[in-house]
Amino acid sequence: MTSLRAPVVDADGHVLEPWLETYRGTVFRWEVDHNDHFTVSCYATRIADAGCAMLHALGAGPGPTVDCFITYRRELRVGDIMHVESGVIDADDESLLLGHRLFDSATGEVCTTVEQRLAAKLNADGRAAADARRVSWDGPARAPRPRPHRLDGFRHTSRDTAKADEVEATGQLALGAAVQRFSASNAHVLAAFGLTPAYMRETRHGFSTFEFQLTMGDEVHPGDPVIVRAGLTHVGKSSMRILHVMTSARTGAEVASLHQSGVHFDQERRRPVPLPEDLRARALRACS
């Protein structure tokens, strides 16, 4: 396991531990997806919990998430136990960049790494606390994901309303609630070129995510209709990337967007496999 630890030494030469445990729990049976592993919306909920715990530790109030860069390195299955350690990558007058590592608590392996940027103003004590929690972050580099200037050809892939328990104190849609809608959107995008639920059940193949680049936008109100439009932006031999854009039907403002990267996944062998040529050809024709 790669260590991301960067010891902090106090005035007396004692080594302090900058990483803070911010979550500990398990994978419940109802939190797995069609690939029989921990679903991405539940990862997002744990990340949000970890971010809130770190803000509390720094003496800061709630702060909206600006963006998250998430890499899924190893899957978790039903009953697996997990914990999150968090540290500060960077801080300035207007924002805080946190690094989170989600571990399999039984093995000590890092399963997921997250860079979460929050809009947060820290007072002098908070800045000092953030400095004490600074870590040396060597998570994977974030590759640029160009976004089409227009969404021509993108299809409507999710439509419902924001619920009262999905809106955070900041007025922002909760991370897990946003990702849950993007997961529904993902299923419609895949089905459009033949990767249907029936195909997944019959072949025991599916779509497994390995990276998220999530951007959060405008606030929502309970009862606001929210709509997702999405389309394929990249197709490889087994890999695919989808751009999802969520807007409020009430205001027209962008609520969130997601670049989702994943692979065609063999559920028996637990590994990526090439797309069948007919499906890949259809996916390439649908690619924006």
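Residues numbered from 1 in each chain as written. Predicted model: local features only at pLDDT ≥ 70, side-chain atom pairs only at ≥ 80, totals over all residues. Heavy atoms only, no water.

With respect to the nonpolar core
A general tendency of soluble globular proteins is for nonpolar side chains to be buried together. As a reminder of what qualifies: Working definition of a nonpolar core: buried Ala, Val, Leu, Ile, Met, Phe, Trp, Tyr and Cys residues. They are joined through side-chain atoms within 4.5 Å. Three labels apply to residues, based on accessible area from a 1.4 Å probe with only protein chains included: buried if under 20% of the type maximum, exposed if over 50%, partly exposed otherwise in between. We count a stretch as a helix when DSSP gives it H or I for four or more residues in a row; a strand needs E for two or more, and each element gets its number in order from the N terminus. Here, two residues are considered to be in contact whenever any of their heavy atoms come within 4.5 Å of each other.
Formed by 37 residues in total, the largest nonpolar core has its most connected members in Leu-76, Leu-173, Leu-175, Phe-182, Leu-214 and Met-246. At the level of secondary structure, the elements contributing two or more residues to this core comprise α1 (40-57), β4 (65-72), β5 (81-91), β7 (110-119), α3 (175-192), β9 (205-216), β10 (225-235) and β12 (254-266). Broken down by element, this core gets its largest block of residues, seven residues, from α1. Not counting residues within four places of it along the chain, the set of residues in contact with Leu-173 comprises Ala-162, Glu-166, Ala-178, Arg-181, Met-216, Val-220, Met-246 and Val-255. The next biggest cluster of nonpolar side chains, apart from the first, holds 15 residues, and it includes Phe-193, Phe-207, Val-235 and Met-240.

As for the pattern of salt bridges
Spelled out, the test is: The working definition used for a salt bridge is a side-chain nitrogen of Lys or Arg within 4 Å of a carboxyl oxygen of Asp or Glu.
Scanning the entire structure with this criterion turns up 20 salt bridges. Of the charged contacts in the structure, one is a salt bridge between Arg-181 and Glu-166, with a shortest N-O distance of 2.8 Å. With Arg-181 in helix α3 and Glu-166 in the loop between β8 (155-161) and α3, the pair connects residues that are 15 residues apart, well separated along the chain. When salt bridges with common partners are traced through the structure, they connect Asp-36, Arg-204 and Glu-268 into a single cluster.

So, the pairing of β7
Threshold: In this description, strands pair whenever DSSP reports at least two bridges between them.
Taking burial as the measure, the ten residues of β7 include eight buried ones, the bulk of the element. Relative to β7, strand β6 (residues 95-104) runs antiparallel, the two being bridged by nine bridges. For Phe-103, the partnering residue across the bridge sits in β7 and is Val-110.

Points about unusual backbone geometry
For Asp-36, which is not glycine, the phi torsion reads 65 degrees and is therefore positive. On the secondary structure map, Asp-36 appears in the loop between β3 (20-26) and α1. Given the relative accessible area of 31%, Asp-36 is considered partly exposed. Positive phi outside glycine occurs at Arg-270, with the angle close to 60 degrees. Looking at the element boundaries, Arg-270 is found in the loop between β12 and β13 (271-272). Take Arg-270: its relative accessible area is 22%, and that puts it in the partly exposed class.

Focus on the confidence of the model for the protein
Operational definition: Known as pLDDT, the predictor's confidence for each residue is given on a scale from 0 to 100.
With 94% of its residues at a pLDDT of 70 or more, the protein shows a mean pLDDT of 93. Taken together, the stretch residues 1-7 has pLDDT below 50 and engages in 25 contacts with residues farther than four places along the chain or on a different chain.

Points about α3
How we decide: Here the expected length of a helix is defined as 1.5 Å per residue gap, with one fewer gap than residues.
For α3, built from 18 residues, the straight-helix expectation of 26 Å at 1.5 Å per residue is met to within 8% by its first-to-last C-alpha distance of 26 Å. Buried residues of α3: Leu-175, Gly-176, Ala-177, Ala-178, Val-179, Arg-181, Phe-182, Ser-185, Asn-186, Val-189 and Leu-190, and no others. One or two residues past the end of α3 sits Gly-194, with phi positive at roughly 110 degrees.

Remarks on the state of the cysteines
Note the following rule: The definition used for a disulfide is geometric: two cysteine sulfur atoms within 2.5 Å.
Applying the stated criterion to the full structure yields zero disulfides. Here Cys-42 stays unpaired: no disulfide links it, and the sulfur of Cys-111, its closest cysteine neighbor, is 15 Å away.

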